[in-house]
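Single-letter residue listing:
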Amino acid sequence: MTIWNLGSINADMVYSVPHLPRPGETLAAQGLDRFLGGKGANMSVAAARAGSRVSHIGAVGPDGRWAQERLTEYGVDTRNIAQVDSPTGHAIIAVDDHGENSIILFQGANHAISEDLLAGALSSAHPGDLLVMQNETNAQIIAGKMAHEMGLTVCYAAAPFQSDAVLAVLPYLDFLILNEVEAEQLKQSTGNSPSELPVEHVIVTLGAMGARYFHHDSEPVDFEAHSVEPVDTTGAGDTFTGYVLSGMDRGMPMAQAIVLANRAAALMVTRHGTADVIPDLKEVREARFG
Ligand code: RIB
């Protein structure tokens, strides 16, 4: 099976700061690193490192060849990444001493994905493949509709969260992942709690408390997170999602996929950076947590 990821690709400019900047404050960074990032690219790399075949559908600008090459090096099929006139997306990320972050996004090429590119990519998909999307690209509705009609499992990571964006793709979804605050916001828009949404699999992430899994046929199940000393939480959620999707793609029971994804996310928060430092399956299996 293949995971088709309609996803963002960013250059992550990561500034280490003593605390997250306050309104009006000028703050000197203690360091600057550049990583491959974007919620989409992070999920593609995570799923590929977890053992899945991943085809990324996206766009970079004339300055983005390095990002495409890096995705290839990490085992992602990049044949459906277009080069467009808009500059490659980027993120300005401040990470404080406790590993917390704040992110400014420039969407750039991530919002210049053509329907032709999407249709061309999905013409090679097969029923039973997965399509994943996040809210950092254009073309989410048409992709969800197309994939649903083709019999793909349609997955949505509702980040960055916008109720309207979730509502627009909701009729096509088989899998939805969002955090606790977002689940409450979605309840206000739809009147439905996670267990009442018309989506077969829903995961609500609970930060350091782990995750809760909702499935139509059963009671919600809680999964505890591993306790680790965080260095940088950026990309940990994307790593979790990529590992869950790979588990689904490889036919694992959802509980097993979530347990593995929890381990991957725990390892990820002990590392500084995004796509480039996502752990592979061997590291995730062999990791020891206190
Ligand atoms: O979730 C982390 C990601 O959000 C970063 O890689 C950044 O590019 C933004 O998309």
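Scroll up a little and you will see the structure.
The paragraphs below set out a description of the structure included in this document.

Thresholds, definitions, all that
- Residues numbered from 1 in each chain as written.
- Predicted model: local features only at pLDDT ≥ 70, side-chain atom pairs only at ≥ 80, totals over all residues.
- Heavy atoms only, no water.
- Helix = DSSP H or I, 4+ residues; strand = E, 2+ residues; numbered from the N terminus.
- Rg over C-alpha atoms; globule rule 2.2 N^0.38 Å.
- Buried < 20%, exposed > 50% of the residue type's maximum accessible area, 1.4 Å probe, protein only.
- Contact = heavy atoms within 4.5 Å.
- Areas by Shrake-Rupley, 256 points an atom, 1.4 Å probe, with all protein chains shown as cover.
- Lys, Arg positive; Asp, Glu negative; His and termini not counted.
- Charge placed at Lys NZ, Arg CZ, Asp CG, Glu CD.
- Near = heavy atom within 4 Å.
- Polar contact = N/O pair within 3.5 Å; in protein donor to acceptor, adjacent residues only side chain to side chain.
- 1 Å grid on protein atoms, 1.4 Å probe; cavity = no way out; pocket = protein on both sides within 12 Å on 5 of 7 lines; lining within 4 Å.
- Sits in = over half its atoms within 2 Å of the grid points.
- Nonpolar A, V, L, I, M, F, W, Y, C, P; charged D, E, K, R; others polar.
- Pairing = 2+ DSSP bridges.
- Axes fitted to C-alpha atoms, helices over the stretch in contact; angles between N-to-C directions.
- Points joined across faces, edges and corners; volume = space filled by probe spheres on them.
- Salt bridge = Lys/Arg side-chain N within 4 Å of Asp/Glu carboxyl O.
- Arc of directions from axis to C-beta.

## Here we look at the overall build of the protein chain
Link 1 in the chain: A count of helical and extended segments in the protein chain gives nine helices and 13 strands.
Link 2 in the chain: Expected size for 290 residues packed as a compact globule is a radius of gyration near 19 Å; at 18 Å, the protein chain falls within 12% of this value.
Link 3 in the chain: Here the protein chain holds 290 residues, and 54% of them are scored as buried.
Link 4 in the chain: Here the contacts in the protein chain between residues at least 6 apart in sequence split such that 63% fall between residues at least 24 apart.
Link 5 in the chain: For the protein chain, the exposed surface amounts to about 12,600 Å²; the carbon and sulfur share of it is 51%.
Link 6 in the chain: Taking the average location of the 17 positive side-chain charges in the protein chain and that of its 35 negative ones, the two points are 7 Å from each other.

## A look at the site of the ligand
Link 1 in the chain: Neighbouring residues of the ligand: 14 residues in total, closest Asp12, Gly38, Lys39, Glu136 and Asp238.
Link 2 in the chain: Asparagine 10 is positioned such that a nitrogen or oxygen atom in its side chain is 3.0 Å from an oxygen atom of the ligand.
Link 3 in the chain: Asparagine 42 places a polar side-chain atom, nitrogen or oxygen, 3.0 Å from an oxygen atom of the ligand.
Link 4 in the chain: Protein contact buries 96% of the 280 Å² of open area that the ligand shows by itself.
Link 5 in the chain: Among the cavities detected, the one that contains the ligand is the largest pocket.
Link 6 in the chain: For the shell around the ligand, the secondary-structure elements that each account for two or more residues are strand E2 (10–16), helix H1 (39–49) and strand E7 (101–106).
Link 7 in the chain: In terms of residue class, the shell around the ligand is built from three nonpolar, seven polar and four charged.

## Brief notes about the sheet that holds strand E3 (residues 31–37)
Link 1 in the chain: Taken in spatial order, the four strands line up as E3-E2-E6-E7 in an open sheet, and their pairing is mixed. Edge positions in the sheet fall to E3 and E7, since each has one partner strand and no second. If you compare each strand with its neighbour and ignore which way they point, the axes differ by 20 degrees on average.
Link 2 in the chain: Pairing between E2 and E3: seven bridges, direction antiparallel.

## A word on empty space enclosed by the protein
Link 1 in the chain: Under the defined criterion, the tally for this structure stands at one cavity of 30 Å³ or more.
Link 2 in the chain: Roughly 30 Å³ of internal volume is contained in the largest cavity.
Link 3 in the chain: Lining of the largest cavity is provided by Pro194, Ser195, Leu197, Val199, Glu200, Val202, Phe214, His215 and His216.
Link 4 in the chain: Grouping the amino acids of the lining of the largest cavity by side-chain chemistry returns five nonpolar, three polar and one charged.

## Concerning unusual backbone geometry
Backbone phi values are negative for most residues with the exception of glycine, while trans is the configuration of most peptide bonds.
Link 1 in the chain: Cis peptide bonds are those with omega within 30 degrees of zero, and the linkage from alanine 159 to proline 160 qualifies with -10 degrees.
Link 2 in the chain: Turning to its location among the elements, proline 160 is positioned in the loop between strand E9 (153–157) and helix H5 (163–169).
Link 3 in the chain: Even without a glycine there, the phi angle at alanine 139 is positive, about 70 degrees.
Link 4 in the chain: For alanine 139, a relative accessible area of 16% gives the class buried.

## As for the sheet that holds strand E12 (residues 211–215)
Link 1 in the chain: Taken together, the nine strands give an open sheet; going across it, the order is E5-E4-E1-E8-E9-E10-E11-E12-E13, and neighbouring strands pair in mixed fashion. Pairing within the sheet leaves two strands with one partner each, and these edge strands are strand E5 (77–83) and strand E13 (218–223). Taking the axes of each pair of neighbouring strands and ignoring which way they run, one obtains an average angle of 15 degrees across the sheet.
Link 2 in the chain: Against the sheet, helix H2 (residues 65–73) touches strand E4 (53–60) and E5, its axis set at about 170 degrees to E5.
Link 3 in the chain: The strands touched by helix H4 (residues 140–150) within the sheet are strand E1 (2–6), strand E8 (130–134) and E9, with E8 carrying the most contacts at an inclination of about 165 degrees.

## What about the pattern of salt bridges?
Link 1 in the chain: Tallied over the entire structure, the rule returns eight salt bridges.
Link 2 in the chain: One salt bridge in this structure joins arginine 65 and glutamate 69, with 3.3 Å as the shortest N-O distance. Here arginine 65 and its partner glutamate 69 are both found in helix H2, four residues apart, which amounts to about one turn of the helix.
Link 3 in the chain: We classify arginine 65 as exposed; its relative accessible area is 56%.
Link 4 in the chain: Residue glutamate 69 is classed as partly exposed on the basis of its relative accessible area, which comes to 40%.

## Notes on the side chain of threonine 234
Link 1 in the chain: Topologically, threonine 234 is positioned in the loop between E13 and helix H7 (236–249).
Link 2 in the chain: For threonine 234, a relative accessible area of 6% translates into the label buried.
Link 3 in the chain: Among the polar contacts made by the side chain of threonine 234, one reaches the side chain of aspartate 232 at a distance of 2.5 Å.

## Some details on helix H3 (residues 115–122)
Link 1 in the chain: The complete set of buried residues in H3 reads Leu117, Leu118, Ala121 and Leu122. The arc enclosing the buried residues of H3, seen along the axis, measures out at 120 degrees, which places them on a common side.

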